[in-house]
Amino acid sequence: MDITTLLKNVVAHNASDLHLVSRSEPQIRIDGKLIPLNLPVLDGKTIEQMCYTLITDKQKKHLEEEKELDFAIEIPNVGRFRGNYYYTIKTELAAAFRIIPTEIPSLDDLKSPAVFKEIIKREKGLILVTGPTGSGKSTTLSALLNEINMTEHKHIITVEDPVEFIHQNKKSLFSHRNVGDDTKSFARALKFAMREDPDIILIGEMRDKETIASALTAAETGHLVFGTLHTNSAIQTINRIVDSFDGAEQLQVRNMLSITLTAIISQMLLPKIGGGRVAVQEIMINNHAIANLIREDKVHQLYSQMQLNQTQTGMQTQTQALVNFVQQNIVHKEDALRISTQPDELKNKIGI
């Protein structure tokens, strides 16, 4: 077996991922489901021989010392992929690859809500796209930046681990920075970004207190900041940010968040009836009422606030998005209930 041939299979089957794990045949993920390829069962040595052909000696050393490696690679005439190498029991190498589309989608291609084109016109603030791994966060972020690239003259710095979508300069100027190669950490990159004259900063993952604090400061000091978190709702996102700080700091963080937050887009991907997947998006847009609830630590009241005057605010709850997809016969009721954060409310609205 050849790793390039396997990755070609991912593209040919319109799959999202390839998994190589010892004692199993190679498997690909199509529309969210793992499907084994009709190939021999792998062992750790075979996986190592295949996978080492894609990385440098420096990356091999990092993998052997740290036991994990994240990277991105473009294979000519095949595609661009995000790779993760890791060890399993008995120190056998395993690998996961995710395809990164080389053609960056537009918001129109994704059929994104109209409010997305409004929030990216802000001069400063914090826009968060959240969801579990594999929920399409990177694709949504790339489409948001692509819209800016087509319409605005901005300097956009992206800090990612690894860099996924590579934007070609249209009207905007992109500086892509890869954590580990181009900078030592997210927090360090954000600190020095202030001296690099950015208009917009993308943070691939707000994974610790220092990075979150730097993102809030950047948004507060006149930059539009995009970031991601592994949370499933707007309320969970705000709680995660506040809880990252010590008790004495939380009041200040809530105040900063109430001022800097522009929007939270929480999404998951669901299989569509007939094939493919669709993004189910909960959208919270900051306004005076939302800001007050965040500042006064009344986060539990945000959900009901999101349901008010939605035609004017552009907000929607996850339940409303799911109901729309079920009623339009785009997704199955069972799939909608499986991911719902408010299953009782959803059951009531779709008549189960």
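Keep in mind the model is a prediction, meaning the values are calculated, not measured.

Analysis parameters
- The residue numbers shown here count from 1 along each chain, following its written sequence.
- It should be noted that, the model being predicted, local features are given only for residues of pLDDT at least 70 and side-chain atom pairs only at 80 or more, the latter also being counted only at that level, while totals for whole chains, interfaces and linings use all residues.
- Each side-chain value is worked out from all heavy atoms of the structure, with water and hydrogens disregarded.
- Residues are said to line a cavity or pocket when one of their atoms sits within 4 Å of a point; the points come from a 1 Å grid over protein atoms alone, cavities being sets where a 1.4 Å probe fits but cannot get out and pockets being open sets with protein on both sides within 12 Å along at least five of seven lines.
- Grid points are joined across faces, edges and corners, and a volume is the space filled by probe spheres set on the points.
- Secondary structure elements follow DSSP: runs of H or I no shorter than four residues count as helices, runs of E no shorter than two count as strands, and numbering proceeds from the N terminus.
- Here the nonpolar group is Ala, Val, Leu, Ile, Met, Phe, Trp, Tyr, Cys and Pro; Asp, Glu, Lys and Arg are the charged ones; every other residue, Gly included, is treated as polar.
- Two strands are counted as paired when DSSP detects at least two bridges linking them.
- Pairing of aromatic rings covers Phe, Tyr and Trp, the last counted by its six-membered ring, and requires centre-to-centre distances within 6.5 Å; plane angles under 30 degrees mean stacked, over 60 mean edge-to-face, and any other angle means tilted.
- Relative accessible area decides the class of each residue, using a 1.4 Å probe on protein chains only: under 20% of the type maximum gives buried, over 50% gives exposed, and in between gives partly exposed.
- Only Lys NZ and Arg CZ are tested; either one counts as a charge over a ring when it is within 6 Å of the ring centre and within 35 degrees of the ring normal.
- Each C-beta atom gives one direction from the helix axis, and the arc is the one those directions make.
- In this analysis, two residues are considered to be in contact whenever any of their non-hydrogen atoms come within 4.5 Å of each other.
- Counting of polar contacts relies on pairs of N or O atoms within 3.5 Å, with two restrictions inside protein: one atom must be capable of donating a hydrogen and the other of accepting it, and residues adjacent in sequence are counted only when both atoms are side-chain atoms.
- One less than the number of residues in a helix, times 1.5 Å, gives the span that helix is expected to have.
- Patch construction takes residues with relative accessible area above 30% that form no salt bridge. Like charges are linked within 9 Å, and nonpolar side chains (Val, Leu, Ile, Met, Phe, Trp, Tyr) are linked within 5 Å.
- Here the Shrake-Rupley method, with its probe set to 1.4 Å, supplies the accessible areas, and only the displayed protein chains count as covering residues.
- Should a side-chain nitrogen of Lys or Arg be within 4 Å of a carboxyl oxygen of Asp or Glu, the pair is scored as a salt bridge.
- Neither His nor the chain ends contribute to the count of charged residues, in which Lys and Arg are positive and Asp and Glu negative.
- To locate a charge, take atom NZ for lysine, CZ for arginine, CG for aspartate or CD for glutamate.

This part covers the layout of surface pockets. Over the atoms rolls a probe the size of a water molecule, and in doing so it shows where empty space is left. The calculated volume of the second largest pocket comes to roughly 360 Å³. Lining the second largest pocket are 16 residues, and of these H62, L69, D70, V179 and G180 lie nearest its centre. Every element with two or more residues in the lining of the second largest pocket is listed here: helix 3 (57-66) and strand 4 (68-75). Top element by residues in the lining of the second largest pocket is strand 4. It accounts for 5 residues. Taken together, the residues that form the lining of the second largest pocket break down as 5 nonpolar, 4 polar and 7 charged.

So, on to the pairing of strand 1 (residues 17-20). As judged from the 3 bridges shared by strand 1 and strand 2 (residues 27-30), these two strands associate in the antiparallel manner. The residue of strand 2 that forms the bridge with H19 is Q27. Taking the residues that link successive antiparallel strands as the turn, the strand 1-strand 2 hairpin has 6 residues, and the phi of R23 there is positive, at about 70°. Taken together, the 4 bridges between strand 1 and strand 6 (residues 92-100) define a ladder with antiparallel strand orientation. In the strand pairing of strand 6, L18 is matched with F97.

This structure, assessed with the given rule, holds 3 aromatic pairs. Here the aromatic rings of F71 and F97 are separated by 6.5 Å at their centres, their planes lie at 85°, and the arrangement is edge-to-face. Of this pair, F71 sits in strand 4 while F97 sits in strand 6, and the two are 26 residues apart along the sequence. Pair check on accessibility: F71 and F97 agree, each one buried. A centroid spacing of 5.9 Å and a plane angle of 75° characterise the contact between Y85 and F97, whose relative ring orientation is edge-to-face. In this pair, Y85 sits in strand 5 (residues 79-88) while F97 sits in strand 6, placing the two residues 12 residues apart along the sequence. The buried category is assigned to Y85, whose relative accessible area is 0%. Sitting over the face of the ring of Y87, K67 holds its NZ or CZ atom 5.1 Å from the ring centroid.

Time to look at helix 10 (residues 288-295). Three- or four-residue spacings in an α-helix give side chains the same orientation, since the helix completes a turn every 3.6 residues. For helix 10, the full list of buried residues reads I290, A291, L293 and I294. Buried residues along helix 10 cover an arc of 165° about the axis, so they all sit on one side. The secondary structure elements touched by the buried residues of helix 10 are helix 8 (234-243), helix 9 (247-260), strand 12 (261-271), strand 13 (277-285) and helix 11 (302-306). N-capping of helix 10 is provided by N287, with a side-chain oxygen placed 3.2 Å from the backbone N of A289. Immediately beyond the C-terminal end of helix 10, within one or two residues, lies D297, with a positive phi of roughly 60°.

With that settled, consider helix 5 (residues 137-151). The terminal C-alpha atoms of helix 5, which comprises 15 residues, lie 22 Å apart, in line with the 21 Å expected from a rise of 1.5 Å per residue. Within helix 5, 11 of the 15 residues are buried, which leaves the element mostly enclosed by the surrounding structure.

A contiguous patch of positive charge on the surface is contributed by K184, R188, K191 and R195. With respect to the element layout, R188 can be found in helix 6 (residues 186-193).

A full pass over the atoms with the stated rule returns 18 salt bridges. Between D17 and R98 there is a salt bridge, with the nearest N and O atoms lying 2.8 Å from each other. Of the two residues, D17 is situated in strand 1 and R98 in strand 6; the sequence distance between them amounts to 81 residues. Take D17: its relative accessible area is 6%, and that puts it in the buried class. Given a relative accessible area of 21%, R98 falls into the partly exposed group. A salt bridge links D335 to R338, with the shortest nitrogen-to-oxygen separation between them at 3.4 Å. A residue pair is termed a helical-turn pair when its members lie 3 or 4 positions apart in one helix, as D335 and R338 do in helix 14 (residues 333-339) at 3 residues. D335 gets classed as buried once you look at its relative accessible area, which sits at 17%. A relative accessible area of 54% means that R338 is categorised as exposed. Overlapping salt bridges, with partners in common, bring together D161, E205 and R207 in one network.

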